[in-house]
Amino acid sequence: MSFSFPLPEHALLLAALLFAMGLAGLLARRNIVFVLMSLEVMLNAAGLALVASGHKWAQADGQVLFIVLLAVAGCEAAVGLGLVMRIHRRSRTVDSDSLDSLKG
Amino acid sequence: MGEDMLVAFYGAGAVAVLATFLAVTRAQPVHALLYLGTSLLAIAVVFYTLGAPFVAALEVVVYAGAIVVLFVFVVMMLNLGTSTTAAERSLTPPRVWIGPAALSALVLSLLVFAILTSQTRASAVQIANRKSYFALRASKDESQIENQEVPPRDVGASLYGPYFVAVELSSVLLLAGMLSAWRIARRERTSGTQEVRK
């Protein structure tokens, strides 16, 4: 066995597949909690693409960018879930289609 | 080392794809979160096989440890019980998935096309001063390929070297995120919550 590491293209293909599944969930779901979960899946797939590219060139930049992405994902989850709790407290629902109180 | 890394990569990749599919399609929120946690742990294994042990540990600690637990706490506080599961099932019948699945299949095919066509171009460009993966493969220098792991020391050195501004900016971002999450999710005492007309 000459190559112990997987091909970076295969890792990129895995990231693309995960990203597409997260996108499908983001578009199809109406429960806001599930929408945020799909968003996390998509961010994680982007991070996988970063680490795979960093591995391909044997540089640390991909991992550094993944750490920055981790901070972004943490903030996004915290603020998004805070908004979900706020919406649930106001209108007793987490269904994004029934949030139409701005409609005239 | 050797073939077991490849076995771990493809095995963990398959687990990640399956668990993510289940996480995205489940109706019960806690089940979906458990599948999401499984998927994140599998991706941590993928990171390890990609020669990034530091990022694999961060994935377990921050994603599976902190973010999923945050989701679990919110689901518990919202009390999304069995009644919402039935409602969720009725909200997402299979036909709802047709449009999103078609759109994301389009995105996926574009991404796959870009990945498969750009690899030849990237190996031809041979970015300056950087030995590419294909150059290493062509040179048949197995020791160099075996040692392609990027150790945490390098990551830390570039975090506090050329990427110092990014570290400072993410600390500002985390502070802003913390303050706004605290402010948004705070329970109003004085004005009270107005019930919105349903």
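Right, let's walk through the structure included here. Predicted model only: the values in this text are computed from it and were never measured.

**Some details on the overall build of chain A**
1) Next: In terms of regular secondary structure, chain A is built from 3 helices and 0 strands.
2) Next: In sequence order, chain A lays out its α and β elements as α-α-α.
3) Next: Computed over its C-alpha atoms, the radius of gyration of chain A comes to 18 Å, more than 25% above the 13 Å expected for a compact globule of 104 residues.
4) Next: Its C-alpha atoms give chain A principal-axis dimensions of roughly 65 × 25 × 20 Å.

**Remarks on unusual backbone geometry**
Residues and elements named next belong to chain A.
1) Next: Look at Ala58: it is not a glycine, yet its phi comes out positive at around 55°.
2) Next: Positionally, Ala58 belongs in the loop between α2 (32-56) and α3 (61-91).
3) Next: Here Ala58 falls in the buried class, since 20 other C-beta atoms lie within 10 Å of it.

**Considerations on the environment of A:Gly82**
1) Next: Along the chain, the position of A:Gly82 falls in helix α3.
2) Next: In this structure A:Gly82 comes out as partly exposed when scored by C-beta crowding, with 19 C-beta atoms within 10 Å.
3) Next: Other than its neighbours up to four places away in sequence, A:Gly82 contacts B:Ala181, B:Ile184 and B:Ala185.

**Describing the interface of chain B and chain A**
1) Next: Facing the 79 residues of chain B at the interface are 70 residues of chain A.
2) Next: Put simply, the parts of the chain that give the side of chain B that touches chain A at least two residues each are α1 (3-25), α2 (29-49), α3 (53-78), α4 (82-91), α5 (98-125), α7 (142-146), α8 (152-159) and α9 (164-185) of chain B.
3) Next: When residues of the side of chain B that touches chain A are assigned to their parent elements, the largest contribution, 13 residues, is made by α3(B).
4) Next: Taken together, the residues of the side of chain B that touches chain A sort by class into 57 nonpolar, 15 polar and 7 charged.

**Some words on the packing of α3(A) against α8(B)**
1) Next: Two numbers describe how α3(A) lies on α8(B): the axes approach to 9 Å, and their chain directions differ by 65°. Classed by the angle they form, the pair α3(A) and α8(B) counts as roughly perpendicular. As α3(A) packs across α8(B), the resulting crossing turns out to be right-handed. Together, A:Asp61, A:Gln63, A:Val64 and A:Ile67 of α3(A) and B:Val155, B:Ser158 and B:Leu159 of α8(B) make up the contact between the two elements.
2) Next: In terms of residue class, the contact of α3(A) with α8(B) is made up of 4 nonpolar, 2 polar and 1 charged.

**A closer look at the nonpolar core**
1) Next: Judged by nonpolar contacts, the single largest core of 74 residues is most densely connected at A:Ala15, A:Leu18, A:Leu48, B:Val46 and B:Phe47.
2) Next: Contributing elements (two or more residues each) for this core: α1 (8-28), α2 and α3 of chain A together with α1, α2 and α3 of chain B.
3) Next: Shared between two domains, this core takes at least three residues from each, and those domains are domain 1 (1-92) and domain 3 (151-183) of chain B.
4) Next: If near-sequence neighbours (up to four positions away) are discounted, B:Val46 is found in contact with A:Ala11, A:Leu14, A:Leu48, B:Phe9, B:Ala12, B:Gly13 and B:Ala16.

**Brief notes about the environment of B:Val75**
1) Next: Relative to the helices and strands, B:Val75 resides in helix α3.
2) Next: A residue is classified by how many C-beta atoms lie within 10 Å of it, and B:Val75, with 22 of them, is buried.
3) Next: Each C-alpha atom, one on B:Val75 and one on B:Leu33, is 9.4 Å from the other, the two residues being 42 residues apart in sequence.
4) Next: Residues contacting B:Val75, with those up to four places away along its chain left out, are A:Val33, B:Pro29, B:Val30, B:Leu33 and B:Leu80.

Here is what the cut-offs are and how they apply
- In every chain, residue numbers begin from 1 and rise along the written sequence.
- By the order in which they are written, chains take letters starting at A while ligands take numbers starting at 1.
- Only residues with pLDDT of at least 70 get local features here, since the model is predicted, and only at 80 or more are side-chain atom pairs given and counted; chain-wide, interface and lining totals rely on the full set of residues.
- For the purposes of this entry, the term helix denotes a DSSP run of H or I that reaches at least four residues, the term strand denotes a run of E that reaches at least two, and both are numbered from the N terminus.
- Radius of gyration: C-alpha atoms only; globule rule: 2.2 Å multiplied by the number of residues to the exponent 0.38.
- Burial is judged by counting other C-beta atoms within 10 Å of a residue's own C-beta: 20 or more means buried, 12 or fewer means exposed, and anything between counts as partly exposed, with every C-beta placed from the backbone.
- C-beta atoms are placed from the backbone for every residue, and two residues are taken to be in contact when these atoms lie within 7 Å.
- The nonpolar class holds Ala, Val, Leu, Ile, Met, Phe, Trp, Tyr, Cys and Pro. Asp, Glu, Lys and Arg form the charged class, and all remaining residues, Gly among them, are polar.
- To obtain an axis, a line is fitted to C-alpha atoms, over the contacting stretch when the element is a helix, and the angle between two such axes runs from 0 to 180 degrees between their N-to-C directions.
- Put simply, angles under 35 degrees are roughly parallel, angles over 145 are roughly antiparallel, angles from 65 to 115 are roughly perpendicular, and the rest are oblique.
- It is the rotation of the near helix from the far one that decides the hand of a crossing: anticlockwise by less than a right angle makes it left-handed, clockwise makes it right-handed.
- Think of a nonpolar core as buried Ala, Val, Leu, Ile, Met, Phe, Trp, Tyr and Cys residues, each tied to the set through C-beta atoms within 7 Å.
- Domain segmentation is taken from an automatic or database assignment of domains.

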